[in-house]
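One letter stands for each residue in the lines below.
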Amino acid sequence: MSEISDKSRPGTGEERGEGKFPRGLVLRLFAYLVAGHLFAGFLYLLFMLGGQNQ
């Protein structure tokens with residue numbers, strides 16, 4: 001019997017999930033973006049408060 005099983009067939013990119021970002025990468029990217037903006041806002045606040053004291 002030369003029938004090929006589903007597991008040994010090369011799947012298309014859509015079947016294997018290619019073309020989509022892995023969930024962990026998306027969560028990490030979102031966390032870095034939020035943390036980066038919070039840090040930038042904190043630095044902005046420090047410079048604004050520091051500039052008022054002069």
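Quick caveat: nothing in here was measured; it's all calculated off a predicted structure.

Analysis parameters
Residues numbered from 1 in each chain as written. Predicted model: local features only at pLDDT ≥ 70, side-chain atom pairs only at ≥ 80, totals over all residues. Heavy atoms only, no water. Helix = DSSP H or I, 4+ residues; strand = E, 2+ residues; numbered from the N terminus. Buried < 20%, exposed > 50% of the residue type's maximum accessible area, 1.4 Å probe, protein only. Areas by Shrake-Rupley, 256 points an atom, 1.4 Å probe, with all protein chains shown as cover. Patch = residues over 30% accessible without salt bridge, like charges linked within 9 Å, V, L, I, M, F, W, Y side chains within 5 Å. Salt bridge = Lys/Arg side-chain N within 4 Å of Asp/Glu carboxyl O.

Novice: Outline the overall build of the chain, listing residues and values.
Specialist: Counting its secondary structure elements, the chain contains two helices and zero strands. Of all 54 residues assigned to the chain, the portion counted as buried reaches 0%. Of the roughly 5,700 Å² of accessible surface on the chain, a fraction of 64% belongs to carbon and sulfur atoms.

Novice: For a nonpolar patch on the surface, give the residues involved together with the corresponding values.
Specialist: Among the surface-exposed residues, Phe39, Phe42, Leu43, Leu46 and Phe47 lie close enough to one another that they form a single nonpolar patch of about 550 Å² accessible area. Looking at where Leu46 falls in the secondary structure, it is placed in helix H2 (residues 23–52).

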